Amino acid sequence: MTDPYEADVIVVGSGFGGAVAAARLAQAGFSVIVVERGRRWRPGDFPRRPRLEDGWLWEVGQGLYDIRWLGRMGSVHGAGWGGGSLVYANVFARPYEGALDESWPAHLRREALDPYYDLAAYMMGVAPVGDDPRTGQPPARTKLVERLIQEMTMSEATVRPNLAVTFGDPETWRPNAHGVPRRGCAFVGECVIGCNHGAKNTLDNTYLAVAERCGARAVTDAEVRRVETRDGGYAVIASTPSDPGAAQREWFVRRVVLAAGAVATTELLLRCRDVHRTLPGLSRQLGHGFSGNGDFLTLAELRDNHDDMTTGPTITTNTVLDVPEGRRSVWFQVQDGAFPPPLHTLFDTVLPARAARAWWRRKVRRTTPRHIFTVLAMGRDSGNGTLRLDRSGRAGLSWRNRWQGHLYRSQTRVGPLLARLLHARLYLPVTWSLLRRTITVHALGGVRPGRDITTGVVDEAGEVHGYPGLFVMDGSVLPAATGVNPSATILAAAERSVETVIRRSGRPGWRAPEWHSVSRAEVPEDAAFAFMSERHASTKGDGIVFAERMSTRGNEHPRVVMTLRAEIPGLDRFLADPARPVSMRGVIEVEGLTSRADVTGTLSLFPRGRQEAMSYTLRFHDADGLPWQVRGVKTVRSRAPMALLAGLTNLHTEIVPDDTASGEGRRCVLSIGSRDLVRLGASLTGTGFTRARRLRVLLRFASFFAASAIRR
């Protein structure tokens, strides 16, 4: 009997999920058709001339970018064989497990996906940015950001992320792990407008190359309009974008994998349920849980730095930030980004609206494009958007956006801080400054997973509830913002899903052939998140710094002068610790030992359960390099005002050799004089992110200090 099916599987879309599905299914022996609405793009094909007709927009000749306006949010998508990989910034990052909330099911958490992240990292050939082969130095943006963060004593918060880019000799072609010729990055900063050089490890050079080598058939210039059940399988109907008058194409297959991206996949399923009624039993959860991944873009114009900010891959650094907003904290990531000069020229030429054109020329065009770079922030948005069809059958977005405001306010607050630190002028994009519309390049959600049709659209393998053989494997199945660039998570989730599908089909032990070459990949972002998580805990409640100077009186010997800077990083942790520790750092002069030595240690400030009001333990080295300890206490013996003041300003001190040294100790009383007491009070400073938070922590600390002193 003749097999009526044209293929075992049709994959709709060739982006991150579709490419994985196509490769693995073809490797497992399935006959596969991959349907892609866009064209093939090869090095040298990507647009550069400042004309929209050169291939920039999908709406103008099926170009590279498809920009969808979903109500109050715009969504940017890549169009072509390789999907979003053609125009993304190459970042391969994993979400931090500690930042994933309860909306993430077990099969999408780090423990389940980490092996598949490693597999995807191998497939994509990831590595952190290296040195520019022309200069032998890191890109100027990389050095700028790393220097800035180091000056902020937050160097651990910044990493160089893994990038799906080939580094090395930019003139030599050599095969990648899949036999596709690649050459080293030329550091021209044009990743997000398509790599004309041949260094970007896009899906057409990785997973899709594997799929085609194993027999998958590519069909481009075909946009799927409808999916319907038919005779135990599925009919997939598509139109031809380049020729709207052409007859529709149709395929009859056993299984369908939808992987057109979060917006397009959700829109297609909504049309099949509500317009065509070919899939009427789809879950009512369809369309819910949409997220823009907290994307927020800012332009930075350097005022006094003449280095070329456009060199290198598009993104070279990733910084994790935790910014207080109101009484809560909002964490997100900030990445540097090259702003390619061809885009600068294009915007200057084609911006149609008078207001937009005036904004661009007044704010940005007056400076050289090589002194401009972008600041891209990503974070956890509310993830409660809902995609619905409008009257024309196109997806529109509704969103309860109050929570979202906390994230956007925090991201915009960082702008002035960066402007000061970078000596830069920062501009919000015209879509935000004029229209209050955000732009996402990382649309997620809409086809959330769940245990049954009442809680989700698909199961953990991506199979649609109620429709056996219909699967979804793209960003639409992620239940919330990843808070990092999501491509790696889409790849890893698709790897796990398609492996499950293949095993369910009668191949229980099947594994991807590349597993034998996979090793544990570096995860630089985990260290940054861990550092920031600890910093968040240690600074919770905001902090206090102050300076104090103490010295022996008059002609008392030995003459001792100690100047210290005290820091409480976070008042919550400080108050919860019975020892009430305060970090101390400064300099000490001790007659006969040292004229000036660094001294560090801890002050226990009103320690719980102890008689003394304050207890100091400090260490320094004398002029001969020998170690010494300073041990001192302040004791309040009476609540009478003068006695209380005396107890808090006189430190009964022993200066003794450390355990490993020998020598005689010194005893003395160090006092805070009236002038030094005034200076101490004036030095009290809150370290909160906003003025209100700084004032609040000062009042809270003052209340604690006064109550503790009186109780003593």
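Whatever comes next refers back to the structure up there.
Reference entry: report on the structure contained in this document. (Residues numbered from 1 in each chain as written. Predicted model: local features only at pLDDT ≥ 70, side-chain atom pairs only at ≥ 80, totals over all residues. Heavy atoms only, no water.)

Points about unusual backbone geometry
Operational definition: Each helix is a run of H or I in the DSSP string that is no shorter than four residues. Each strand is a run of E no shorter than two, and both are numbered from the N terminus. The classification of residues rests on relative accessible area computed with a 1.4 Å probe and restricted to protein chains. Under 20% of the type maximum is buried, over 50% is exposed, and intermediate values are partly exposed.
For the peptide bond that leads from H557 to P558, omega is 0°, which places it in the cis range. As for its position among the elements, P558 is in the loop between strand 25 (544-551) and strand 26 (560-568). Within the chain, N90 stands out as a residue other than glycine whose phi angle is a positive 75°. Inspection of the secondary structure assignment puts N90 in the loop between strand 4 (73-78) and strand 5 (91-92). The exposure class assigned to N90 is buried, which follows from its relative accessible area of 0%. Phi is positive for R277, which is not a glycine, with a value near 60°. Assignment of secondary structure puts R277 in the loop between helix 5 (262-274) and strand 15 (288-290).

With respect to the sheet that holds strand 21 (residues 395-398)
Rule in force here: In short, DSSP must find at least two bridges between two strands for them to pair. What counts as an axis is a line fitted to C-alpha atoms, over the stretch in contact for a helix, and the angles between N-to-C directions run from 0 to 180 degrees.
Read from one edge to the other, the open sheet built from 3 strands follows the order 15-20-21, with strand pairing classed as antiparallel. Sheet topology places strand 15 and strand 21 at the edges, where each strand pairs with a single neighbour. Strand-to-strand, the axes of this sheet are offset by a mean angle of 50°, without reference to chain direction. Two strands pair when backbone bridges link them, and strand 20 (residues 385-389) and strand 21 are joined in this way by 4 bridges, in the antiparallel orientation. Each bridged residue has a counterpart across the sheet, and for R388 the counterpart in strand 21 is G396.

Some words on the pairing of strand 27 (residues 581-590)
Where strand 26 meets strand 27, 8 bridges bridge the pair, whose relative direction is antiparallel. Following the sheet pairing, T563 is matched in strand 27 by V587. When strand 27 meets strand 28 (residues 594-605), the two strands line up antiparallel, connected through 9 bridges. Across the sheet, residue M584 finds its bridge partner in strand 28, namely G601. Hairpin geometry of strand 27 and strand 28 is characterised by an intervening segment of 3 residues between the two adjacent antiparallel strands and by a positive phi of about 90° at G592.

Digging into the nonpolar core
Defined as follows: Buried Ala, Val, Leu, Ile, Met, Phe, Trp, Tyr and Cys residues that are joined via side-chain atoms within 4.5 Å together make up what is termed a nonpolar core. In this description, contact between two residues means that some pair of their heavy atoms is separated by no more than 4.5 Å.
Membership of the largest hydrophobic core comes to 56 residues, with the highest contact counts inside it found for L25, V32, Y207 and L491. Looking at this core, the elements with two or more residues in it are strand 1 (7-12), helix 1 (16-27), strand 2 (32-35), helix 2 (110-124), helix 4 (207-213) and helix 10 (487-504). The element best represented in this core is helix 10, accounting for 9 residues. Those residues in contact with Y207 that lie beyond four places of it in its chain are A19, V20, A23, R24, L119, A120, M123, M124, L491 and E495. Membership of the second largest hydrophobic core comes to 40 residues, among which are I544, L564, V582 and F606.

A look at helix 14 (residues 674-683)
Filter applied, for reference: This arc corresponds to the set of directions leading from the helix axis out to the C-beta atoms.
Listed in full, the buried residues belonging to helix 14 are D676, L680 and S683. Looking down the long axis of helix 14, one finds its buried residues gathered within 70° of arc, a one-sided arrangement. For helix 14, the exposed residues set more than 90 degrees away from the buried face come down to S674, R675, V678 and A682. Along its buried surface, helix 14 packs onto strand 25 and strand 33 (685-686).

Honestly, it's all geometry; don't read function into it.
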